[in-house]
Amino acid sequence: EFKIALPENPAKTLISEYPIYDFNRDGSVDYGDIAELQRHYGKTDASADWSGIARMDIAGDDGIIDIADLLQIFVYVMTNR
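Numbering of residues starts from 1 in every chain and runs along the sequence as written. It should be noted that, the model being predicted, local features are given only for residues of pLDDT at least 70 and side-chain atom pairs only at 80 or more, the latter also being counted only at that level, while totals for whole chains, interfaces and linings use all residues. With hydrogens and water stripped out, all remaining heavy atoms of the structure feed into the side-chain values.

Trainee: Teacher, can you tell me more about the environment of Thr 44 here?
Mentor: Secondary-structure assignment places Thr 44 in the loop between α1 (31-39) and α2 (50-53). Here the term buried applies to any residue with accessible area under 20% of the maximum for its type, exposed to any over 50%, and partly exposed to those in between, with areas from a 1.4 Å probe on protein chains only. Given the relative accessible area of 25%, Thr 44 is considered partly exposed. Remark: the alpha-carbon pair of Thr 44 and Asp 66, spanning 22 residues in sequence, is separated by 8.9 Å. We call two residues in contact when some of their heavy atoms are within 4.5 Å. Leaving out residues up to four positions away in the same chain, Thr 44 has contacts with Trp 50, Gly 63 and Ile 64. By definition, any uninterrupted DSSP run of H or I lasting at least four residues is a helix, any uninterrupted run of E lasting at least two residues is a strand, and each is numbered from the N terminus.

Trainee: Can you help me understand unusual backbone geometry in this one?
Mentor: Leave glycine aside and you will find that most residues have negative phi; peptide bonds, for their part, are mostly trans. A positive phi angle, close to 55°, is found at Arg 25, a residue other than glycine. Of note in this structure, Asp 61 is not a glycine but carries a positive phi near 45°. One can find Asp 61 in the loop between α2 and α3 (67-79). A relative accessible area of 42% means that Asp 61 is categorised as partly exposed.

Trainee: Sorry, what's going on with the side chain of Glu 36 here?
Mentor: The topology assignment puts Glu 36 in helix α1. Apart from the residues lying within four places of it in its own chain, the contact partners of Glu 36 are Phe 23, Asn 24 and Met 56.

Trainee: Hey, could you run me through the nonpolar core in this one?
Mentor: Soluble, globular proteins show a tendency: their nonpolar side chains are buried together. What is meant by a nonpolar core is a set of buried Ala, Val, Leu, Ile, Met, Phe, Trp, Tyr and Cys residues, joined one to another through side-chain atoms within 4.5 Å. Formed by 13 residues in total, the largest nonpolar core has its most connected members in Tyr 21, Phe 23, Leu 37, Met 56, Ile 65 and Ile 73. Elements represented by at least two residues in this core include exactly α1, α2 and α3. With three residues, α3 is the single largest residue contributor to this core.

Trainee: Explain the pattern of salt bridges here, please?
Mentor: Opposite charge on two side chains lets them pair, provided their charged atoms get close. The working definition used for a salt bridge is a side-chain nitrogen of Lys or Arg within 4 Å of a carboxyl oxygen of Asp or Glu. Per the stated rule, a full pass over the model turns up two salt bridges. Arg 39 is the salt-bridge partner of Glu 36, the closest N and O atoms lying 3.4 Å from each other. Of this pair, Glu 36 and Arg 39 both sit in helix α1, separated by three residues, roughly a single helical turn. For Glu 36, a relative accessible area of 18% puts it in the buried group. Here Asp 49 makes a salt bridge to Lys 43, at a shortest N to O gap of 2.7 Å. Here Lys 43 falls in the partly exposed class, since its relative accessible area comes to 24%.

This is a description of form; function is not addressed.
This is the structure in structure tokens:
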């Protein structure tokens, strides 16, 4: 049986040359992407730069970059190194 694992919110996944969690767009998902998410920690959909960082709202798509988003990418990086 063939199964495809989709992100929690597949509507947010765009066809891209970068992996979904590659926030710093360097071609790999690593500690640099955790740092990039941390730079925007606490920002919400009311933040002026939200359109450029909304892709970092990966856990729950709740309109805030918070601990849930940070934990999700941290677990991903730690389990895929």
